[in-house]
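# What the coordinates show
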Amino acid sequence: MQRKHWISAVAATAGFAIGLMASTAFAQTTVRIAWYSDGNEGEVLADLLKRFEAGNKDIKVVLDQVPYKAITENLPVQLASGQGPDIARVVDLGGVARYALDMRPYLKDASYWEKNFGPFLPWMRPEGDSSAITGFMTQLTVTGPFVNKTLFEQAGTPLPGPKATWEEWGKAVKDVAAKVKAPFPLAMDRSGHRFFSVAVSEGAKVFDDKGEPAVIDEGFKRGAKLVYDWHQNGTMAKELWGSVSGTAYRGANDEFKNAQVVMYQSGSWQIAQFDKTVGDAFDWVAVPSPCGAGGCSPMPGGAGLVAIKTTKSPEAVAKVMDYLASEPVLSEFYARSLFVPGHLGIAAKGLDYAGATPQGKAALKVFSDQVAQISPAAYKLQGYANNRVIFNAVISRLGQAISGEGSLDDAYKRIESDVAQQIAERKK
């Protein structure tokens, strides 16, 4: 009996040792990615990550898919407290840059990143840093309007031409909405970034000769007056921007896909969603960015996938990022997500958007062609580390004026004060 107990003990010890060796052999490093989606890109990424895990058994990637609001409002608070994910998809590239990990020491080939992502790497670097590689663009975006072509046809109103002004578009969509009883002639994302697609076209320079913020100029005022007047005369419905306050974002995706909006000023990231959700309910088209006193410039942008420096596994993070940024993987991601490439090599070769409808492919061409119209002021604003401060101040104070909480002149003074104060706080 004693011998049996001893044999059992030895067997149990051996089993424990084998189990320990097995668990050690298959120990996994977990990498967490915080990710938001505009369309189907979260599904595409999840599929690509399954393939990565199949070839890298030692790394487990957890994809936390969260609302856009969680990225813009909750993530910065987490990062400031020293917490957060290992990797995050963000739009406030300058704001998050201070929390970003320089992956250069861990990457397989830093020169590949410099060659293919070079123009966009400064967007994601901490202020004063000229060499860090912290992430890559999951897509380049271009602002611009989507138009419900069916509503124009039903109203018997011709579409304005490619060089039409914002004023001409405003009058046309208001006329169409009146004829077909559409509740929203013109909708625009309640976003500082989207507002500047109007302001820059109206001549806003945003910065002075020394490169310091000088937001309120005549071009800015022309853009602000347009948006303000549109809300007063019914071209834009107050219930969209008025449904939120402060710096809160408000889109009109649902209203557009339900054929309630004649023209929706948003951007190229919406193509995949509308390609899927609108279906054949009505004909929609992307049109060139309307013109103003300063030209016909859209705003560039995009979301970056950025490594976070508080990660405990920088080597694993860099391995995941190297995989996702590789040309074959990223090409598939862009093609399946219907995104404009943020990779110079892929952009030069072109992509076959096989999954897109004819409407989707036509929209992608319109937005891709618009890249040539982007003004230096728009690029400078997008690459500015504190651009989120400007965007938030503008949308908050302009929103107050639209809602009747003060005049436009009050809004201009408050914007200047907010920008100066918040940038000073960031520099402390």
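First, a word on what this report is: a plain description of the structure on this page. On a predicted model such as this, the values are computed, not experimentally measured, just so you know.

### Focus: unusual backbone geometry
- With a phi angle near 60°, Lys 181 is a residue other than glycine that sits in the positive phi range.
- Mapping Lys 181 onto the fold places it in the loop between helix H7 (166-180) and strand E6 (184-188).
- What makes Lys 181 exposed here is its relative accessible area of 69%.
- Of note in this structure, Ala 259 is not a glycine but carries a positive phi near 60°.
- Considering the arrangement of structural elements, one finds Ala 259 in the loop between helix H11 (253-257) and strand E7 (261-267).

### Observations concerning the nonpolar core
- In this structure, Phe 196 and Phe 220 are the most contacted members of the largest nonpolar core, which totals 98 residues.
- If you tally residues by element for this core, the top one is helix H18 (residues 387-402), at nine residues.
- Residues in contact with Phe 220, not counting those within four places in the same chain, are Phe 195, Phe 196, Ala 199, Ala 204, Val 215, Val 394, Tyr 412 and Ile 415.
- Counting 36 residues, the second-largest nonpolar core is a separate cluster that includes Ala 110, Ala 316, Val 317 and Ile 346.

### Concerning the packing of aromatic side chains
- In total, this model carries 28 aromatic pairs according to the counting rule given.
- Ring centres 4.8 Å apart and planes at 40° place the aromatic pair Phe 256 and Phe 274 in the tilted group. In this pair, Phe 256 sits in helix H11 while Phe 274 sits in helix H12 (residues 271-277), placing the two residues 18 residues apart along the sequence.
- Three or more aromatic residues joined by ring pairs make a cluster, and in this case those are Phe 146, Phe 256, Tyr 264, Phe 274, Phe 282, Trp 284 and Phe 367.
- When the ring centre of Trp 35 is taken as reference, the NZ or CZ atom of Arg 89 above it lies at 4.5 Å.
- In this structure, Arg 89 packs its charged tip against the face of Tyr 36, placed 4.6 Å from the ring centre.

The rules behind each value
- Residue numbers here run from 1 along each chain, matching the order of that chain's written sequence.
- Thresholds applied to this predicted model are a pLDDT of at least 70 for local features of residues and 80 or more for the giving and counting of side-chain atom pairs; totals over whole chains, interfaces and linings are not thresholded and use all residues.
- Computation of side-chain values covers all heavy atoms of the structure but excludes hydrogens and water.
- Per the convention used, a helix needs a DSSP run of H or I reaching at least four residues, while a strand needs a run of E reaching at least two, with both numbered from the N terminus.
- The cut-offs for exposure are 20% and 50% of the maximum accessible area for each residue type, with area from a 1.4 Å probe on protein chains only; residues under the lower value are buried, those over the upper are exposed, and the others partly exposed.
- To qualify as a nonpolar core, a set must consist of buried Ala, Val, Leu, Ile, Met, Phe, Trp, Tyr and Cys residues joined through side-chain atoms within 4.5 Å.
- Whether two residues touch is decided by their heavy atoms; if any such pair falls within 4.5 Å, the residues are in contact.
- We call Phe, Tyr and Trp rings a pair once their centres come within 6.5 Å, taking the six-membered ring for Trp, and we label the pair stacked below 30 degrees between planes, edge-to-face above 60, and tilted otherwise.
- Charge over a ring is defined by NZ of Lys or CZ of Arg lying within 6 Å of the ring centre and within 35 degrees of the ring normal.

These values are about where atoms sit, not about what they do.
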